[in-house]
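Listed here are the chains, written in short residue letters.
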Amino acid sequence: TSIAARWSVTVPTTAFIALDGIEQLDVLRSCDPPRAATGANARTEPTLLDRAANNLQALLDQQLRSRCLDGTRLVLVGFGYGGTLALHLVLHRRWRCAGILAIAAQPVSPLPGILRIGCKVRLIDCAANAQTDHSSLRDDVALLTGRGIDARGVVLSGLPLSDEAVRHGGAYLVELVATAQRSDRFHVERESSHA
């Protein structure tokens, strides 16, 4: 919430919905960190990430309805597991939004065979975040870009909530909000397939 307050100065015409209440955190805490599923049983049961995405999607839909906001003009921002969940919601569950800013997130592979997504994806990873293989950020961006998604990423030297990460995230957020604000005129849905 304090980071949203800092960023709101740079995008004053933007409404922030901070999902950091006790109920939302309990949903995320109850889920294990995501792991890529492999083998014959890869998609036979909903994963904990899928269940968290169901809960988040219902919560976001309710918030958008109650505030009369258009979901295609929404920018999802998440730190750590929240960023992973935002990426999963859009890339695997096809929830529509204008953009994603994911800081210290772990995209879940494999991507679906066909992607219909017109949003931008911005990834920030931090060298101090020992949970992630930083060479994979370049691979994640290349994979998304190769599938026709406007994706960019950067590895920073500090922690995910450092001033450097917040400043860089703020710059990405300004870009994503500008895209969202003009989405009614320039939104193009792209379809990408991968063999």
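This text follows the structure it describes.
Below is a short write-up of the structure. This is a predicted model, so every value here is computed, not measured.

Criteria and cut-off values
Residues numbered from 1 in each chain as written. Predicted model: local features only at pLDDT ≥ 70, side-chain atom pairs only at ≥ 80, totals over all residues. Heavy atoms only, no water. Buried < 20%, exposed > 50% of the residue type's maximum accessible area, 1.4 Å probe, protein only. Helix = DSSP H or I, 4+ residues; strand = E, 2+ residues; numbered from the N terminus. Phe/Tyr/Trp six-rings, centres within 6.5 Å; stacked < 30°, edge-to-face > 60°. Contact = heavy atoms within 4.5 Å.

## Notes on helix α4 (residues 81-91)
Burial within α4 is extensive, with 10 of its 11 residues counted as buried. Taken as a whole, α4 has its buried residues at Tyr81, Gly83, Thr84, Leu85, Ala86, Leu87, His88, Leu89, Val90 and Leu91.

## Section: unusual backbone geometry
Non-glycine residue Cys68 carries a positive phi angle of around 55°. With respect to the secondary-structure elements, Cys68 resides in the loop between α3 (48-66) and β1 (75-79). The residue Ala104 is not glycine, and still its phi comes out positive at about 55°. With respect to the element layout, Ala104 can be found in the loop between β2 (99-103) and β3 (114-116). Using a relative accessible area of 10% as the deciding quantity, one classes Ala104 as buried.

## Section: the packing of aromatic side chains
All chains considered together, the criterion is met by 1 aromatic pair. Ring centres 6.2 Å apart and planes at 15° place the aromatic pair Trp7 and Phe79 in the stacked group. Pair noted here: Trp7 is in helix α1 (residues 2-8) and Phe79 is in strand β1, with a separation of 72 residues, a long-range link. Owing to a relative accessible area of 5%, Trp7 belongs among the buried residues under this scheme. Assessed through its relative accessible area of 29%, Phe79 is described here as partly exposed.

## Regarding the environment of Leu137
Looking at the secondary structure, you find Leu137 in helix α5 (residues 135-146). Judged by relative accessible area, which is 10%, Leu137 ranks as buried. With 18 residues separating them in the primary sequence, Leu137 and Val155 have C-alpha atoms 7.8 Å apart. Discounting residues that sit within four places of it in the chain, Leu137 has contacts with Leu123, Asp125, Gly153, Val154 and Val155.

In short, shape yes, function no, at least from these values alone.
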